[in-house]
Amino acid sequence: MVQRIVVVGAGLAGARGVQELRAQGFSGEVLLVGAEPHLPYDRPPLSKDVLRGALDSTTLDVPWAELDVDLRSSTTATGLRDGVLDTDRGELGFDGLLLATGARARLPAALAGPDTHVLRTLEDALRLRAALVAGSRVVVVGAGWIGAEVATAAAAAGCRCTVVELGEAPLAGALGEVGALTVPWYAEAGIDLRLGTAVEGLQPGAVLLAGGERLLADVVVVGVGAEPDVDWLVGSGLVLDRGVVVDEHLAASRPGVVAAGDCAAWWSRRFATRLRVEHWDDALHAPAVAVSTLLGVPAVHDPVPYFWSEQLGHRLQHVGHAGGADRLVHRGEPGGPDGWAVGWLAGRQLVALLAVDRPRDLAQARKRIGTDVDAERLADPAVPVKAA
Ligand SMILES: Cc1cc2nc3c(=O)[nH]c(=O)nc-3n(C[C@H](O)[C@H](O)[C@H](O)COP(=O)(O)OP(=O)(O)OC[C@H]3O[C@@H](n4cnc5c(N)ncnc54)[C@H](O)[C@@H]3O)c2cc1C
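Let me sum up the structure you'll find in this document. (Residues numbered from 1 in each chain as written. Predicted model: local features only at pLDDT ≥ 70, side-chain atom pairs only at ≥ 80, totals over all residues. Heavy atoms only, no water.)

### Considerations on the overall build of the protein
Quick reminder of the rule: Secondary structure counts use DSSP, requiring at least four H or I residues in a row for a helix and at least two E residues in a row for a strand, with both numbered from the N terminus. Put simply, the radius of gyration uses C-alpha atoms, and a globule should come to 2.2 Å times the residue count raised to 0.38. A simple rule labels every residue: compare its accessible area, found with a 1.4 Å probe on the protein chains alone, to the largest value its type can have, and call it buried under 20%, exposed over 50%, or partly exposed in between. Note on contacts: a residue pair qualifies if any of its non-hydrogen atoms lie within 4.5 Å across the two residues. Only four residue types enter the charge count: Lys and Arg as positive, Asp and Glu as negative, with His and the chain ends excluded. Charge positions are represented by NZ for Lys, CZ for Arg, CG for Asp and CD for Glu.
Per the secondary structure count, the protein includes nine helices and 26 strands. Over its C-alpha trace the protein gives a radius of gyration of 22 Å, about what one expects of a compact globule, namely 21 Å for 388 residues. Its C-alpha atoms give the protein principal-axis dimensions of about 60 × 55 × 35 Å. For the protein, the residues scored as buried account for 52% of the 388 residues in total. The contacts of the protein with a sequence gap of at least 6 include a subset with a gap of at least 24, amounting to 59%. Here the protein holds 35 positive side-chain charges and 48 negative ones, and the gap between their average locations is 2 Å.

### Here we look at the site of the ligand
Heads up, the condition is: The cutoff for a nearby residue is simple: one of its non-hydrogen atoms must lie within 4 Å of the molecule or strand. We define a polar contact as two N or O atoms separated by no more than 3.5 Å, with the added condition that, inside protein, one atom must be a possible hydrogen donor and the other a possible acceptor, whereas residues neighbouring each other in sequence contribute only through side-chain atom pairs. For the area figures, the Shrake-Rupley method with a 1.4 Å probe applies, and any residue is considered shielded solely by the protein chains shown. Side-chain classes follow a simple rule in which Ala, Val, Leu, Ile, Met, Phe, Trp, Tyr, Cys and Pro form the nonpolar group, Asp, Glu, Lys and Arg form the charged group, and the remainder, Gly included, forms the polar group.
Within the structure, the ligand sits among 34 residues, and E36, R43, K48, R120 and D262 are positioned closest to it. Interatomic distance of 3.2 Å between a backbone N/O atom of L12 and an oxygen atom of the ligand. For the ligand, the protein covers 93% of the area, taking 1000 Å² as the surface of the free molecule. Elements supplying a minimum of two residues to the shell around the ligand: helix 1 (12-23), helix 7 (280-294) and strand 22 (306-311). Residues belonging to the shell around the ligand are distributed by class as follows: 17 nonpolar, 10 polar and seven charged.

### Brief notes about the packing of aromatic side chains
Applied cut-off: Any Phe, Tyr or Trp ring, taking Trp's six-membered ring, that has another such ring centre within 6.5 Å forms a pair; planes under 30 degrees apart are called stacked, those over 60 apart edge-to-face, and the others tilted.
Inspection of every chain in the model, using the stated rule, returns four aromatic pairs. Their ring planes at 20° and their centres at 6.4 Å tell us that Y306 and W308 sit as a pair that is stacked. Take Y306: its relative accessible area is 9%, and that puts it in the buried class. Its relative accessible area of 18% is what places W308 among the buried residues. Pairwise contacts between aromatic rings join W280, Y306 and W308 into one cluster.

### Focus on the sheet that holds strand 2 (residues 29-33)
Filter applied, for reference: Should DSSP find at least two bridges between two strands, the strands are taken to pair. Orientation is described by lines fitted to C-alpha atoms, with helices fitted over the stretch in contact, and by angles between N-to-C directions that extend from 0 to 180 degrees.
An order of 3-2-1-7-19 is seen for the five strands of this open sheet, with the pairing classed as parallel. A strand with exactly one partner marks an edge of an open sheet, and here the two such strands are strand 3 (70-72) and strand 19 (257-259). Strand-to-strand, the axes of this sheet are offset by a mean angle of 15°, without reference to chain direction. Looking at chain direction, strand 1 (residues 4-8) and strand 7 (residues 96-99) are connected through four bridges and run parallel. Pairing of V8 across the sheet is with L99, part of strand 7. Together, strand 1, strand 2 and strand 7 form the strand contacts of helix 1, whose direction differs from that of strand 2 by roughly 175°.

### Notes on the packing of helix 1 against helix 7
We count it as follows: The handedness criterion is simple: a crossing whose near helix is rotated anticlockwise from the far helix by less than a right angle is left-handed, and one whose near helix is rotated clockwise is right-handed.
Helix 7 packs onto helix 1 with a crossing angle of 35° between their chain directions and a minimal axis gap of 8 Å. Along this stretch, helix 1 crosses helix 7, giving a crossing that reads as right-handed. Together, L12, A13, R16, G17, E20 and L21 of helix 1 and W280, A283, L284, P287, A288 and V291 of helix 7 make up the contact between the two elements. Counted by class, the contact of helix 1 with helix 7 contains nine nonpolar, one polar and two charged residues.

Scope: geometric values only; no functional claims are made or implied.
Encoded structure:
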């Protein structure tokens, strides 16, 4: 019988896991173990409202006392054995375990230095915010989601900002060639965007580019992606493959162990592939399924992935999974007043859609993913996506 459930990782997925345990009627002991000294907080505002000074705290609104949880902050899990979680503050026995350790910012050794920043935690955000002062020279390495949002905040703060990207387009990792449509936004914001440019390393007060050019930098921000926080599970017997490998029920390869959020690589029935996403929406919803599985109630995690970003004056929303797409359909004119969108099609099937400043397209596309669309009608911004 399951009497004690330990949740590891006190981020959004961990907090939601605790809430779901109680909502689904678990009345046994619940422990929430988290490495950070804080109560669980939200990360998306860190690169938006917190960086621009509109918010200092993003603590999640959770009624902890009502939930009757044993909260273990500043406690790092270090290993996993049969029914035992090892932590830097001793071992904890469990009958059920929810892994929700999320991800951490990647920082190549060549870019580590006293003026280097990454952005994953509240402390990272407050430290970076203090450094973004008008007139300072900011070099952002990586034009991915974090890089673009940091550049937005830096430009708004009056910094002289350069973004250096190895790929041929911003956001190329997530959007492929479509990311190139965001290039004009950088110049409009007064940001110097260097594409196809490798960073060699750091020098005092400068970033050294391949080819020898030096970019003077008071602040260096590295936004080159995140790694699932699962190294501590190596040797535990759990199958890991760029995340905790879980099935469509979010069950890991050992009984009584489930995973959710950024650390989980789950089998997607819908897309017939393994997915690991770093999306707030997934960390919000997946724990309900993980908890059901832990409590022995059949449930399947089969979402249409969704995320958003706010950058350089635009709201980007992406739904679906573009892997397997063989065709792009452009909808509306980039630069036009009504926003634009791009659909990814596999045959006639809509598999993903990016909406830029067109929230209605996004809302309707969510229901169309996996269904056939008429490409010509989808390309016509006057035709609602639901009728394409
Ligand atoms: C700056 C920023 C902006 C973002 N903006 C967006 C956005 O606009 N839209 C969007 O969809 N998504 C966004 N995301 C992604 C979104 O925030 C994540 O998908 C979400 O936070 C994942 O939640 P999680 O609980 O799985 O992991 P996390 O939030 O990473 O939480 C995991 C927790 O586990 C702890 N932990 C790790 N290892 C251990 C251990 N061994 N023992 C104990 N505790 C451990 C960590 O310290 C952390 O507190 C953003 C992320 C960041 C960093």
